[in-house]
Amino acid sequence: MTAIEFMSECKEKEIEFIDFRFTDIKGVNHHVCYDIDAIEEDTFKNGLPFDGSSIPAWKTINDSDMVLMPDIEIGTHFEDPFTADPTMVIFCDVLNTDYTSYDKCPRGIAKNTLKYLAESGIGDVAYFGPENEFFVFDNIVIKDEVNAQAYEVDTSEGGWNDYADFGDELNTGHRPRTKGGYFPVAPVDSMVDLRAEMVKTLKEVGLETFVVHHEVAQAQGEIVVKFGTLVEAADNVQKLKYVVKMVAHLNGKTATFMPKPLYGDNGNGMHVHQSVWKNGKNTFYDENGYAHLSDTAKKYIAGVFAHADAVTAFTDASMNSYKRLQPGFEAPNILAYSAKNRSACCRIPFGAGEKAVRTEFKFPDSTANPYLAFSVMLLAGLDGIKNNMEVYEAARKPLDEDLFELSLDEIKERGIKTLPATLREAVEAVEVELKDDNSFLKAVMSDEFIKSYIDYKFETEIIPIEGRPHPYEFITQYSC
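Here we summarise the structure given alongside this text. (Residues numbered from 1 in each chain as written. Predicted model: local features only at pLDDT ≥ 70, side-chain atom pairs only at ≥ 80, totals over all residues. Heavy atoms only, no water.)

**Quick notes on the packing of helix α6 (residues 295–306) against helix α9 (residues 370–386)**
Item 1. For the pair α6 and α9, interaxial distance at closest approach is 6 Å and the crossing angle is 120°. The orientation of α6 with respect to α9, classified from their angle, is oblique. α9 is crossed by α6, and the crossing has right-handed handedness. Across from T296, K299, Y300, G303 and V304 in α6, the residues of α9 making contact are M377, L378, A380, G381, L382, G384 and I385.
Item 2. Broken down by class, the residue content of the contact of α6 with α9 amounts to seven nonpolar, four polar and one charged. (Axes fitted to C-alpha atoms, helices over the stretch in contact; angles between N-to-C directions. Helix = DSSP H or I, 4+ residues; strand = E, 2+ residues; numbered from the N terminus. Parallel < 35°, antiparallel > 145°, perpendicular 65-115°, else oblique. Left-handed = near helix turned anticlockwise from the far one by under 90°. Contact = heavy atoms within 4.5 Å. Nonpolar A, V, L, I, M, F, W, Y, C, P; charged D, E, K, R; others polar.)

Shown next, in the form of structure tokens:
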């Protein structure tokens, strides 16, 4: 789409405001809105100035000027369904004032990753299909004080409400309870209409949805949207999260993509389906391969497994992420691949024909910045292909058994590898990569960006959370 075509579309839809959005290192969307009368065709050539020093881990105050460059080529702009006045939302890349790509812009990193893919000769397009799970709660309270660390979430679906008095409303007793949410009909599933409203709104912003259902945990749902190219799919994650949160908010509820808000119940994942194509052919497909999986695909898997510690610092980007990756909650942390096996962290889904063959990595979650998470998985996979890697010995052959049934001792005895246990371990693996001139990350990411990412995670999450007393510590330690 050209600038003229974009402005014509806005005129046709009687748009009054244009909302320019970009994503920071953490994955949070920021925006600045302009009256459409202040926007000209040259805006899409010259961009918009803004203060980069106010964005976490970006510019310093003495070098703060940056440029927002609207992207009308990919075509993921949409009319905001939640504003009172007609507003068009458009995603932007962040540039330096000399119009070079800013090396800390996640969307720019994703675009550079696609360039690297093309230059490698391995493929010319990579498809990603994320599946983002979420919770919808009725209320949340949080306390973070010197003398108090506490939170409480509530939902009418929660088994803890069996004895609750809802005032004028009936306590029906119909609840999925712990691990019972996959997927009974109403009235046990209380979110049918809410999810339907979300789906209708997602269609309004240009997303095609597929499966829509209650997930395993209490108050948990999932809406799967159609796959796309790397940048397109990441844009779509940002759209999805915006719509889900806003629809919940306008219905007097609160939605979260946090991996593990409920202790003892399943958590939120972001399973990511992936394939690499070249000249219209799926390089992951081999008619005679295991589950029709090609040697190229196996090398891709091997690359992700080989770099798994550093990869998870981007795909499982919060301290809370590793509370989800625990045995017993359908969140695979074992580095193995297998067809149709949901206990392996890389599943090869059933699909008929070349177009359907793909890998599904099940360990990522939605605290990840989607632009960075997809880029890092692709970079790790490409490194596996370029260096002819094989999956490590203990998992070289597909592990078709129920891996959830293995004890920790059995995992160790068999030499099966697992994901990092904490965000600290994952980020420390990125520190190791920073020292390696041949690191798979450095194919696209600058040293400055990698260091900023490491520092940001330590300063905003790892150290603050490790330093805070936990309520359970009072149960186990107070009377010592």
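**Details of the pattern of salt bridges**
Item 1. Following the criterion strictly, the structure yields 26 salt bridges and no others.
Item 2. We note a salt bridge from D80 to R21, for which the minimum N-O separation is 3.2 Å. Note that D80 is positioned in the loop between β5 (78–79) and β6 (87–95) and R21 in strand β1 (residues 17–23), a separation of 59 residues in sequence.
Item 3. The class for R21 is buried, based on a relative accessible area of 7%.
Item 4. With a shortest N-O distance of 2.9 Å, D455 and K451 are connected by a salt bridge. In this pair, D455 and K451 both sit in helix α12 (residues 447–466), four residues apart, roughly one turn of the helix.
Item 5. Among the residues examined, D455 registers a relative accessible area of 27% and is labelled partly exposed.
Item 6. Residue class for K451 comes out partly exposed when judged on its relative accessible area of 46%. (Salt bridge = Lys/Arg side-chain N within 4 Å of Asp/Glu carboxyl O. Buried < 20%, exposed > 50% of the residue type's maximum accessible area, 1.4 Å probe, protein only.)

**Considering the environment of K241**
Item 1. With respect to the helices and strands, K241 occurs in helix α5 (residues 230–250).
Item 2. Along the primary structure K241 and F257 are separated by 16 residues, whereas in three dimensions their C-alpha atoms are 7.8 Å apart.

**Focus: the packing of aromatic side chains**
Item 1. Enumeration over the complete set of coordinates arrives at 20 aromatic pairs.
Item 2. Between F134 and F257 the ring centres are 5.8 Å apart and the planes differ by 55°, which places this aromatic pair in the tilted class. Note that F134 is positioned in strand β7 (residues 125–137) and F257 in the loop between β13 (254–256) and β14 (270–278), a separation of 123 residues in sequence.
Item 3. On the accessibility criterion, F257 (4% relative accessible area) is buried. (Phe/Tyr/Trp six-rings, centres within 6.5 Å; stacked < 30°, edge-to-face > 60°.)

**So, unusual backbone geometry**
It is generally the case that most residues other than glycine have a negative phi and that most peptide bonds are trans.
Item 1. Each neighbour pair has its own omega, and for Y182 with F183 the value is -25°, a cis peptide bond.
Item 2. With respect to the secondary-structure elements, F183 resides in the loop between β9 (148–154) and α4 (192–204).
Item 3. Looking along the chain, the bond that leaves A186 and enters P187 is cis, with omega of 10°.
Item 4. Following the sequence through the fold, P187 ends up in the loop between β9 and α4.
Item 5. The backbone of A219 shows a phi angle near 70°, a positive value even though the residue is not glycine.
Item 6. Note that A219 resides in the loop between β10 (209–214) and β11 (220–225).

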